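# A look at the structure
Residue-level listing of the chains:
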Amino acid sequence: MGGAAVTWLLPLPIVLPLLGASLSVLAGRAKGLQRTVGLVTLLASTVVSVVLLVEVDRGGTMLAVAGGHPSPMGIALVADRFAAALLVVAEVALLAVLVYAIGEPGAERNHVGFQSAYMILSAGVAGSLLTGDLFSLFVSFEMMLTASYVLLTLGGRREQVRAGMTYIIISLIASTLFVLSLALLYSATGTVNMADLADHMAVLPSGTRTAFAVLLIVVFGIKAAIFPLFFWLPDSYPTAPSPITAVFAGLLTKIGVYAMVRTQVLLFPPESRPAGLLLVLAGLTMVVGVLGAIAQDDIRRILSFTIVSQIGYMIMGLGLFTAAAIAALIFSMVHHIVVKTSLFLVAGLVEHEGGDNRLSRLGDLIRRAPVLAVMFLLAALSLAGVPPFSGFVSKLALLQAGIAEKQFVIVAVSLVVSLLTLFAMARIWTSAFWSRAEIPAPERLVSATGRRKSRSPLGMLIPTGALVAVSLTIAVAAGPIYAFCQRAAGDLLDRGAYTEQVLEP
Amino acid sequence: MTVMLAATAALLFGAGTYLLLQRKLSRIIIGLGLLTHGANVLLISAGRRGTPPIIGGSSTADFADPLPQALALTAIVITFGVTTLLLALAYRSWLLTDDDEVQDDVADRRVSTDDAVQDEVEDHQELIEWEELL
């Protein structure tokens, strides 16, 4: 048990944004004040999360129990390497998107409720990552989701209301199933503390354990959008304003994956993990997602379907259940949060430049917005897993783990899906950036000299560029980061050490 | 008593699932309400029965388990908030569409009925004509 001196930092990523949200409500219609509060809060949370990461990596898992109760009684906040790493990446993405949203001319960022809902979302994300208690995981999820309902339907356009309804209803069903599994877990074991649950799980019959494992896969599978529970995602995400879609795409599904990894690896002993089921689901998720992406015309819908397909890779890492695979999974989550968020931010800029989201209406953007084209290309190649980008490292590690476990079918499937992802990205590239527009641009986009002028505000370009730069940094520093992921995977698979650190600090 | 609680939960789940499969938003919302109630009843039945857990009231061995009750209370509050938001949205949807039906996803329909493909073909022909003109 190390890092006791900074344990008080642990609740800050949850408490600071909640304070920020209340200040934001109090600030009311004073836009400048609201934005300052938002930026300062997220900046502070980012700094805190970096300190936490450094401390956790140096001194081991950190624990803070609310109210000073003994461990299984009080609500525990736990930061191990996995949680701390994801927290840093999440805070960076949240901060970049907030800057982008402030820089974007449009109605949504001017909405009174935007800043406070965004702060609550970030508190929910931090809470879901840091909690050591299954019921607080439920509460944090709800905090995050309720904020996301508000953000998704902010503006109240017809399309948003339609998609928002589906999204809320699906999420609420998932939450109900979560409460149901909590009820069953509590009646079987008498605890909802994750470390305590892991200890109690051993006494249950193996059939009951497997049933719980599958039930939790369904609960988090809906949030993580795995096959066959993904259908709500490509329907609802694209209707939100672009910064909001970006943060949803980067973070929300990954939090679902995080919860799934945490529960499957920590709660269940190796023999009752449904590894085969997870691998089959992973393969189907990859294939269906990428095929969906190829069929679409709208850039944001293409990107939304590729989220589904990328989730498949993460589930594959989970399904293999080896240290190498879990390390690859953590690396791919870190990579994916950054790349996916930047791709959606670029898509928002494309909409600004080209005035449309549909590939059939876009074209020739490379001449008008070369910077945008370069940013898209870097992020898209990274997503598809082309060397030397970060996506390549994550896929290589995953494939090696798969080959080491002799799961050749899933390895082959993931290679084919990689190729198809490259095709889907190349489609966006050729039709939106490279080729001439098939349908002439609307008059309003053409300046007096006949040349279309670039309309990207710097406030949107800079955060997007920064995120792309982060993804390049991940590729450059892949060695140390991967070594860190291996340490994190070691922590995750060592269930005994985790329960000991939480229950007997 | 436990059987009664389990039966109540089952009934709520059944009725909720049936309502959820309807096409009208108002029924779906009521269905969700029933489903979440079912989950809460199940949560309550997870704890031990006994006397009210107030220190000094009776011996601690006879106490009812207060934790599931606290959990259920939290779950009820969360569901209440979300249901309110859902009702507001349903009202908004009714104002916008004059109907209580769940709307179809237009972009999805377009892809599935090949309209997008048709568009692409037409666009391509336009492009060829345009190039010939030049």
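Calculation criteria
Residues numbered from 1 in each chain as written. Chains lettered and ligands numbered in written order. Predicted model: local features only at pLDDT ≥ 70, side-chain atom pairs only at ≥ 80, totals over all residues. Heavy atoms only, no water. Contact = heavy atoms within 4.5 Å. Buried area = accessible area lost by both parts, 1.4 Å probe. Salt bridge = Lys/Arg side-chain N within 4 Å of Asp/Glu carboxyl O. Polar contact = N/O pair within 3.5 Å; in protein donor to acceptor, adjacent residues only side chain to side chain. Helix = DSSP H or I, 4+ residues; strand = E, 2+ residues; numbered from the N terminus. Nonpolar A, V, L, I, M, F, W, Y, C, P; charged D, E, K, R; others polar. Phe/Tyr/Trp six-rings, centres within 6.5 Å; stacked < 30°, edge-to-face > 60°. Buried < 20%, exposed > 50% of the residue type's maximum accessible area, 1.4 Å probe, protein only. Lys NZ or Arg CZ within 6 Å of the ring centre and 35° of its normal. Pairing = 2+ DSSP bridges.

For the rest of this paragraph, the subject is the interface of chain A and chain B. The partner chain B presents 43 residues to the 39 residues of chain A that form the contact. Carbon and sulfur atoms make up 74% of the surface buried where chain A meets chain B, a total of about 3,600 Å² over both sides. Between the two partners, chain A and chain B, sit 0 salt bridges. Remark: the boundary between chain A and chain B carries 1 residue pair in polar contact (both at pLDDT 80 or more). Broken down by element, the residue count for the side of chain A that touches chain B peaks at 17 residues, all from helix 6 (residues 158-189) of chain A. Partitioning the side of chain A that touches chain B into residue classes produces 20 nonpolar, 8 polar and 11 charged.

Residues and elements named next belong to chain A. On inspection of all chains with the given rule, the structure shows 19 aromatic pairs over all chains. Relative to F220, the ring of F141 has its centre 5.8 Å away and its plane inclined at 25°; by these criteria the two rings are stacked. On the criterion of sequence distance, the pair formed by F141 in helix 5 (residues 134-153) and F220 in helix 8 (residues 206-224) is long-range, its members being 79 residues apart. The pair F141 / F220 is uniform in exposure class, with both members buried. The side chain of K223 reaches across the aromatic face of F141, ending 4.8 Å from its centre. One residue, K395, lies across the ring of Y313, its end atom 4.6 Å from the ring centre.

Time to look at the pairing of strand 2 (residues 76-79) of chain A. Residues and elements named next belong to chain A. Taking every second residue as pointing to the same face, both faces of strand 2 are buried, with A76 and V78 on one and L77 and A79 on the other. Where strand 1 (residues 62-65) lies against strand 2, 4 bridges are found, and the strand directions are antiparallel. Across the sheet, A64 pairs through a bridge with L77, a residue of strand 2.

Here we come to the pattern of salt bridges. Residue and element names in this part refer to chain A. Under the defined criterion, the tally for this structure stands at 9 salt bridges over all chains. One salt bridge connects R81 with D57, and the closest N-O pair in it is separated by 2.7 Å. On the criterion of sequence distance, the pair formed by R81 in helix 3 (residues 81-103) and D57 in helix 2 (residues 31-59) is long-range, its members being 24 residues apart. Since its relative accessible area comes to 25%, D57 is described here as partly exposed. Residue E271 pairs with R209 through a salt bridge whose shortest N-O separation is 3.7 Å. With E271 in the loop between helix 10 (242-267) and helix 11 (275-295) and R209 in helix 8, this pair connects stretches of sequence that are 62 residues apart. Residue E271 is classed as exposed on the basis of its relative accessible area, which comes to 61%. Judged by relative accessible area, which is 7%, R209 ranks as buried. Several salt bridges converge on common partners, so that one network encompasses D57, R81, R487 and D491.

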